[in-house]
Structure formats: C-alpha cells, structure tokens
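One letter stands for each residue in the lines below.
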Amino acid sequence: MTTTATKQFILQQMGIDLWQQRRYVEQKSVETHQAPQQSMQESLQLLQQKVSKCTLCALHQSRTQTVFGVGNPNADLMIIGEAPGMNEDKQGKPFVGRAGQLLTQMLYAIGLQRESIFIANVLKCRPPRNRDPQADEVATCTPYLNQQIELIKPKLMVAVGRIAAHYLLQSTLSLSRLRKQVHQYGSQKTPLIVTYHPAYLLRSPVEKRRAYGDLLFIKQHLDSLS
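About the criteria used
Residues numbered from 1 in each chain as written. Predicted model: local features only at pLDDT ≥ 70, side-chain atom pairs only at ≥ 80, totals over all residues. Heavy atoms only, no water. Buried < 20%, exposed > 50% of the residue type's maximum accessible area, 1.4 Å probe, protein only. Helix = DSSP H or I, 4+ residues; strand = E, 2+ residues; numbered from the N terminus. Pairing = 2+ DSSP bridges. Contact = heavy atoms within 4.5 Å. Salt bridge = Lys/Arg side-chain N within 4 Å of Asp/Glu carboxyl O. Phe/Tyr/Trp six-rings, centres within 6.5 Å; stacked < 30°, edge-to-face > 60°. Core = buried A, V, L, I, M, F, W, Y, C linked by side-chain atoms within 4.5 Å. pLDDT = per-residue confidence, 0-100.

1. Some remarks on the pairing of strand S4 (residues 156-160)
Move 1: Counting buried residues along S4, five of its five residues qualify, which places the element largely inside the surrounding structure.
Move 2: Neither face of S4 is open: one carries Leu156, Val158 and Val160, the other Met157 and Ala159, and all of them are buried.
Move 3: Pairing geometry for strand S2 (residues 77-81) and S4, over four bridges, is parallel. Paired with leucine 77 across the two strands is leucine 156, which belongs to S4.
Move 4: Both S4 and strand S6 (residues 190-195) contribute to a ladder of four bridges, which runs parallel. Bridge pairing in S6 places valine 158 opposite isoleucine 193.

2. Some points on the environment of lysine 180
Move 1: Residue placement: lysine 180 occurs in the loop between helix H7 (175-178) and strand S5 (183-185).
Move 2: On the basis of relative accessible area, lysine 180 is assigned to the exposed category, the value being 61%.
Move 3: Separated by 34 residues in the primary sequence, lysine 180 and aspartate 214 place their C-alpha atoms 6.6 Å from one another.
Move 4: Setting aside residues no more than four positions away along its own chain, lysine 180 makes contact with Asp214 and Phe217.

3. Focus: the pattern of salt bridges
Move 1: Per the stated rule, a full pass over the model turns up four salt bridges.
Move 2: Between lysine 219 and aspartate 223 there is a salt bridge, and its shortest N-O distance comes to 2.9 Å. In this pair, lysine 219 and aspartate 223 both sit in helix H9 (residues 208-225), four residues apart, roughly one turn of the helix.
Move 3: Since its relative accessible area comes to 22%, lysine 219 is described here as partly exposed.
Move 4: On the basis of relative accessibility, which here comes to 43%, the residue aspartate 223 falls in the partly exposed class.

4. Thoughts on the packing of aromatic side chains
The geometry of an aromatic ring pair is captured by the separation of the ring centres together with the interplanar angle, meaning the angle of the planes.
Move 1: With the rule as written, the count across this model stands at one aromatic pair.
Move 2: Here the aromatic rings of tyrosine 196 and tyrosine 200 are separated by 5.6 Å at their centres, their planes lie at 10°, and the arrangement is stacked.
Move 3: Take tyrosine 196: its relative accessible area is 6%, and that puts it in the buried class.
Move 4: Overall, the relative accessible area of 28% leaves tyrosine 200 in the partly exposed class.

5. Thoughts on the nonpolar core
A general tendency of soluble globular proteins is for nonpolar side chains to be buried together.
Move 1: Grouped together as the largest cluster of nonpolar side chains are 54 residues, with contacts concentrated most on Leu77, Met78, Ile79, Ile80, Leu168, Leu192 and Val194.
Move 2: Considering every element that reaches this core, the biggest residue donor is helix H5 (residues 135-152), with six residues.

6. Considerations on the sheet that holds S5
Move 1: Pairing in this open sheet of six strands is mixed, and the strands run S1-S3-S2-S4-S6-S5 from one edge to the other. The open sheet has two edge strands, strand S1 (70-71) and S5, and neither has a second partner.

7. Overview of the confidence of the model for the protein
Parts of the model with low pLDDT should not have their predicted coordinates read in detail.
Move 1: The predicted model of the protein averages 88 in pLDDT, with 83% of residues at 70 or higher.
Move 2: Between residues 14-33, whose pLDDT stays under 50, and residues either more than four places distant or in other chains, the model counts six contacts.

Here it is in structure tokens:
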C-alpha cells in the first residue's frame, strides 16, 4: 500500500502542488494572526465593565455613569482629554455636545474620521460642577487609562487642553510651551502632542488658527509613523 509520504513524493516529482496542504497552512496562519486582535477587544470590554463598577474614589457617588471611551480599538491615534462633562456624564461617551462637534470638525479638517481614532479622558467620572480633577482622583483613575493605552497601542497620542497635558506629562509648563513638539508618554515612550481643548476654542475662537497649525503638525507626524 502506498503511504501518504510516498504519494506526496510522487506528486512533487510530477510537479503537482499540494493545494490541500497549502490551504490548511494559510488558513491556520490567518487564524493565528486574528486571535490576538480578538483577545485585545475582549480585554477592552472586560476593562470597561470593571471601570463601570469602580468605587475607588468619591466621584462614583455623584456620577450618572462612567465614560470609558469610544472609537477604533486598533486606532493609530488616541485623543485624551481631562474628564467628562455634563453631556458626557449623561450619554456615557467622551466629547459630545458642542465641544465634541468641534472635535469632529477638527479631525475632518486633516482628513480623519472620528470613528477611525480612539477618544478617552484621564478621569472616567465627571467631577461635580465640572471642577478640575484632583490629584488623588487622577492617581486612582490613571491606571485605567494606562491599561487602555497598553491594549490599543496607539502610534500617537494627543492631549487636548492644559490639564490633560499636565497630568500626562507630569509638567507645569504653559500650553504654549508644550505645543509644537513631540513628547513621550509612559514606559513605551509613545509619542504625544499637545493642543487646545475644543471647549477652550469655543470660548476663544481667535485661537482656532493656531489650533489648525497644531492639527497639521499632528497629521504630519502621524503620517511619518505609518
């Protein structure tokens, strides 16, 4: 009886490709490649569930719901603000309302769709009366943000607003001195760029021209990382 190995040898000598074997190998390779992505998405969902039940600081007492973040879990660009506001607290999504609409327009101005990036905040709960985040609240919540960054692995991070920039960079420099340069965040040294918060631009529209310059700088650096 002819063995499988002998059949394979004969087919190879005849110049006949082993289509069935190659198909199996390719299918296995695709499945192996897709598995980490599925695991990452599941990990994000589990983290979101954990955040939704968090009671580690006093903010859980006044929140309507947590604001985990939204967007593409495979995003190259991750935008980070300071904390949810009233509209975000109601809807459970970051950057909604007028500031969110302006952010969407800002992204569109440099050829980016909101759905293609990931948007989050340093804090996952709204501070009462939209006050600035307190140091102990940031210390408690930052590990959640770090886990998001580790799972998403963005090529570039953008901090919008002075407060987010200060916490992420551990700096007290003015926004004007932090803009127009590429910083690094965390042990992975993820590139980070600082720009204005959309809510600030609504109050100070004269700064939109400078903000547009920041957007062009962001797009240029993002393209260089592709």
